[in-house]
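# Examination of the molecular architecture
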Amino acid sequence: MEITAKLVKDLRETTGAGMMECKKALQEVDGDMEKAIEFLREKGLAKAAKKASKVAAEGLITLVIDENNTKAAITEVNSQTDFVAKNENFVALTKKVTEHIFNNEIKEVESLNESTIDDVNFEEFMKLQISSIGENLVVRRLAFAKACCESGIVCGYVHFNKKVGVILKAKCDSETTKAGAKDLLQNICMHISAMKPQYLSYKDLDAEFVEREYLALKGSIEKENEELVRLGKQLKRIPKYASMSQITDEVLKAEEELLKEELKKQGKPEKIWDKILPGQIERFIKDNTLIDQQYALFSQQYVLDDSKTVLDAVNDKAKELGGSIEIVEYTRFEVGEGVEKKEENFAEEVAKQMGL
């Protein structure tokens, strides 16, 4: 396959890697863009995905939640321009649509389109709004959550810019625990909006995904170490594992034996090993679960107290309240996420508008 300049340019914009590295990567995988991205990541050359500049969809995230925290609805409604997204008519529309979803407990866009609002079919209703506002408008995503038990709780959060929103559902053992857990769960919604976890627990990570991400992580650290060697600085340690899903009881036992050997070499009295080893094992787990910390909510350091993970924060609050708290699921929406902007030639667009 011919490696065109546009292919190289697109790969460079996506990964941030250099032109020559992008060209070489494409040659290695016969022009396959996805494989080229993985190739660069494994070599530690993909600095960061630069997809933000390609996001075309504007709009708002809107949340409706009842005062008892028993149910909530959240939507992403898109417009073509940010100018329209700030228009009071558009803001009112997003609220009306979300309230409609909330009141009718609608869970899918397909069901929404088949519903009736203001005595007309929803799709017809949206066509009227498009005609009135003057831009293409679409309800891109929605989610509805309802408390899963009598003492269940639903919390929600929308960032001040209305571009990111979260709803979260949890189970508590009593109304007392529910009342005591509300503020923490609300703060965890804020954590999710900022830290962008993609999974609830490391147990949800696919083994193939973990292995792929580990290779990318390893490649990135190796590349950093090349520069550190050049600068004469201490090298970063490459972890043996990437997720708790890879760390079996046998792995922990073997690591404990290695740590004991090291303590013995250091001349530490055996009677104090039990005070040292737990901290060292904890450090080993932290250093070897970097993928979990990036992608799994429960393994992330809690933004309001980075001395503990989100799961630690939940368990500590449950212990404090003398009850149980279990986060069941969450949904996070960010405006325009995953939507790519159509490339336009400005000169051609102006010429077309003028009929040239």
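Residues numbered from 1 in each chain as written. Predicted model: local features only at pLDDT ≥ 70, side-chain atom pairs only at ≥ 80, totals over all residues. Heavy atoms only, no water.

### What about the UniProt feature "coiled-coil region" (unreviewed entry) in the protein?
- Mapped onto this numbering, the UniProt entry annotates "coiled-coil region" (unreviewed entry) at residues 207-264.
- Between the end C-alpha atoms of residues 207-264 there is a gap of 36 Å, over a span that is 71% helix and 0% strand. (UniProt positions renumbered as here; feature names shortened; annotations may be inferred. Helix = DSSP H or I, 4+ residues; strand = E, 2+ residues; numbered from the N terminus.)

### Regarding the UniProt feature "domain: Translation elongation factor EFTs/EF1B dimerisation" (unreviewed entry) in the protein
- Cross-referencing UniProt, the feature "domain: Translation elongation factor EFTs/EF1B dimerisation" (unreviewed entry) maps to residues 72-224 and 239-337 in the present numbering.
- Annotation note: span residues 72-224, helix share 51%, strand share 24%, distance between end C-alpha atoms 45 Å.
- The annotated region residues 239-337 carries 51% helix and 17% strand content, and the separation between its end C-alpha atoms amounts to 31 Å.

### Comments concerning the sheet that holds strand 2 (residues 71-79)
- Strands sit in the order 1-2-5 across an open sheet of three strands; the sheet is antiparallel. Edge positions in the open sheet fall to strand 1 (58-65) and strand 5 (138-146), since each of these has one partner strand only. For this sheet the average axis-to-axis angle between neighbouring strands, irrespective of direction, equals 10 degrees.
- Sheet analysis places strand 2 next to strand 5, joined by eight bridges and oriented antiparallel. Note that in strand 5 the partner of Thr75 across the bridge is Leu142. (Pairing = 2+ DSSP bridges. Axes fitted to C-alpha atoms, helices over the stretch in contact; angles between N-to-C directions.)

### What to know about the packing of helix 2 (residues 19-28) against helix 3 (residues 33-42)
- In the contact formed by helix 2 and helix 3, the axes pass within 9 Å of each other and the chain directions differ by 120 degrees. Between helix 2 and helix 3, the angle is such that the two are oblique. The chirality of how helix 2 crosses helix 3 is right-handed. Touching Glu21, Cys22, Ala25, Leu26 and Glu28 of helix 2 are Ala36, Phe39 and Leu40, all from helix 3.
- Across the contact of helix 2 with helix 3, the residue classes break down as six nonpolar, no polar and two charged. (Parallel < 35°, antiparallel > 145°, perpendicular 65-115°, else oblique. Left-handed = near helix turned anticlockwise from the far one by under 90°. Contact = heavy atoms within 4.5 Å. Nonpolar A, V, L, I, M, F, W, Y, C, P; charged D, E, K, R; others polar.)

### Let's talk about unusual backbone geometry
- For Asn69, which is not a glycine, the phi torsion comes out positive at approximately 55 degrees.
- Summarising the element assignment, Asn69 is placed in the loop between strand 1 and strand 2.
- Of note, the phi angle at Asp118 is positive, near 55 degrees, even though the residue is not glycine.
- Note on placement: Asp118 falls in the loop between strand 3 (116-117) and strand 4 (120-121).
- The exposure class of Asp118 is partly exposed, given its relative accessible area of 48%. (Buried < 20%, exposed > 50% of the residue type's maximum accessible area, 1.4 Å probe, protein only.)

### A look at the packing of helix 8 (residues 175-195) against helix 13 (residues 310-321)
- The geometry of helix 8 relative to helix 13 is characterised by a closest axis approach of 10 Å and an angle of 165 degrees between their N-to-C directions. The pairing of helix 8 with helix 13 is recorded here as roughly antiparallel in orientation. Both helix 8 and helix 13 take part in a crossing whose hand is right-handed. Two secondary-structure elements touch here, helix 8 through Thr177, Gly180, Ala181, Leu184, Ile188 and His191 and helix 13 through Val310, Ala313, Val314, Lys317 and Leu321.
- The residue inventory of the contact of helix 8 with helix 13, partitioned by class, reads seven nonpolar, three polar and one charged.

### A word on the packing of aromatic side chains
- Under the definition given, this model contains three aromatic pairs.
- Considering the side-chain rings of Phe122 and Phe125, the 5.8 Å spacing of their centres and the 40 degrees angle between planes classify their relative orientation as tilted. Separated by three residues within a single helix, Phe122 and Phe125 lie in helix 7 (residues 122-133), roughly one turn from each other. Accessibility assignment for this pair places Phe122 and Phe125 in one class, buried.
- Where Tyr199 meets Phe209, the ring centres are 6.0 Å apart and the plane angle is 55 degrees; that geometry is what we call tilted. (Phe/Tyr/Trp six-rings, centres within 6.5 Å; stacked < 30°, edge-to-face > 60°.)

### Some words on a nonpolar patch on the surface
- Together, Met195, Val303 and Leu304 make up an exposed nonpolar region whose accessible area comes to about 280 Å².
- Its place among the elements puts Met195 in helix 8. (Patch = residues over 30% accessible without salt bridge, like charges linked within 9 Å, V, L, I, M, F, W, Y side chains within 5 Å. Areas by Shrake-Rupley, 256 points an atom, 1.4 Å probe, with all protein chains shown as cover. Salt bridge = Lys/Arg side-chain N within 4 Å of Asp/Glu carboxyl O.)

### Focus: helix 8
- Spanning 21 residues, helix 8 covers 29 Å between terminal C-alpha atoms, matching the ideal 30 Å at 1.5 Å per step.
- Where helix 8 bends most, at Ala181, the angle is about 45 degrees.
- Buried positions along helix 8 lie against strand 6 (153-158), strand 7 (164-172), strand 8 (301-302), helix 13 and strand 10 (325-334).
- One or two positions beyond helix 8, positive phi appears at Lys196, with a value near 55 degrees. (Expected span 1.5 Å × (residues − 1). Bend = angle between axes of the 7 residues up to and from the residue.)

### With respect to the nonpolar core
- In this structure, Leu168, Leu185, Ile188, Ile192, Leu297, Ile325 and Ile327 are the most contacted members of the largest nonpolar core, which totals 24 residues.
- Elements with a minimum of two residues in this core: strand 6, strand 7, helix 8, helix 13 and strand 10.
- What Ile188 contacts, discounting residues up to four positions off in sequence, is Leu168, Leu297, Tyr302, Val310, Val314 and Ile327.
- Listed in part, the 21 residues of the second largest apolar core include Ala85, Leu93, Leu137 and Leu142. (Core = buried A, V, L, I, M, F, W, Y, C linked by side-chain atoms within 4.5 Å.)

### Observations concerning the side chain of Ser243
- By the secondary structure assignment, Ser243 is in the loop between helix 9 (207-231) and helix 10 (249-265).
- Setting aside anything within four residues of it in sequence, one finds Ser243 in contact with Tyr202, Leu205, Val210, Asn288, Thr289 and Asp292.

### A closer look at the pattern of salt bridges
- Under the defined criterion, the tally for this structure stands at 29 salt bridges.
- Linking Arg141 and Glu337 is a salt bridge whose minimum nitrogen-to-oxygen distance equals 3.3 Å. In this pair, Arg141 is assigned in strand 5 and Glu337 in the loop between strand 10 and helix 14 (346-353), connecting sequence segments 196 residues apart.
- A cluster of three or more residues bridged by salt bridges with shared partners is formed by Glu76, Arg140, Arg141, Lys196, Arg332, Glu334 and Glu337.

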